[in-house]
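# Working through the structure, step by step
Here are the chains, one letter per residue:
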Amino acid sequence: MQKFVLIVLFVATISKADAWGWGECPKPEADAKYSDACYKATQPPSFVCNNMTPDEWVEKALESYPRCCAGNLTECKCPVKDYWFFKNKIDDYCAKVEICEPPAIVASDSSVPSGGSVTFLRG
């Protein structure tokens, strides 16, 4: 069942199948974790997003990014990854996901951590 949901989510997101008219997707909160551009770039069709929060759909996109957008699809879990329609759309979708930045982790004393490196998406 989970595989089916992921297939529908991914194919529908790539195909922009929201023309079916299931209403509008929920809007991000005023203190949203991600940028407005990120939410718009990763928004799935309305029949999918009505069952998710805006943060959930961005997190799903960020989660699948390293597996499906690195050029090597062997780790990609999408069962339609070998079909032409997937390969036709994945590069455009990945470019949109790249504008999203993981949310910043705020220290309890509100100080900025010193040193270290920050891994971004490709981890």
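Above this text you will find the structure in question.
Below is a summary of the structure that appears in this document. Along each chain, numbering runs from 1 in the same order as the chain's sequence is written. Only residues with pLDDT of at least 70 are given local features in this predicted model, and only at 80 or more are side-chain atom pairs given and counted; all residues enter the totals for whole chains, interfaces and linings. For side-chain calculations, the full set of non-hydrogen atoms in the structure is used, while hydrogens and water are omitted.

### Looking at the overall build of the protein chain
Comment: elements are numbered from the N terminus, with helices defined as DSSP H or I runs of at least four residues and strands as E runs of at least two. Along its length, the protein chain carries five helices and zero strands. When the helices and strands of the protein chain are listed from N to C terminus, the series reads α-α-α-α-α. Partly exposed residues are those whose accessible area sits between 20% and 50% of the maximum for their type, while under 20% is buried and over 50% is exposed, using a 1.4 Å probe and protein chains only. Within the protein chain, the fraction of its 123 residues that count as buried is 33%. Residue contacts are defined here by distance: any two heavy atoms, one from each residue, within 4.5 Å place the two residues in contact. For the protein chain, long-range pairs separated by at least 24 residues make up 63% of all intrachain contacts whose partners lie at least 6 apart in sequence. As presented, the protein chain carries roughly 8400 Å² of accessible surface, and 54% of it is formed by carbon and sulfur atoms. All accessibility values rest on the Shrake-Rupley procedure with a 1.4 Å probe; residue burial counts only the protein chains present in the view.

### Quick word on the state of the cysteines
Here, a disulfide means two cysteine sulfur atoms that sit within 2.5 Å of each other. The final tally for this structure, using the stated rule, is four disulfides. Between the sulfur of Cys38 and that of Cys100 lies a disulfide, 1.9 Å long from S to S. The disulfide joining Cys38 to Cys100 has a torsion of about 105° about its S-S bond and is therefore right-handed. Here Cys38 is found in helix H2 (residues 36-42), whereas its partner Cys100 is found in the segment after helix H5 (84-97), with 62 residues between them in sequence. The buried category is assigned to Cys38, whose relative accessible area is 0%. For Cys100, a relative accessible area of 0% gives the class buried. A disulfide bridge connects Cys68 with Cys76, and the sulfur atoms are separated by 2.1 Å. Judged by the torsion about the S-S bond (85°), the Cys68/Cys76 disulfide is right-handed.

### Some words on the side chain of Thr42
Within the fold, Thr42 resides in helix H2. Two N or O atoms count as a polar contact when they lie within 3.5 Å, although within protein this holds only if one can serve as hydrogen donor and the other as acceptor, and sequence-adjacent residues are included solely when both atoms are side-chain atoms. One polar contact links the side chain of Thr42 to the main-chain carbonyl oxygen of Cys38, over a distance of 2.9 Å.

Nothing here speaks to function; it is all geometry.
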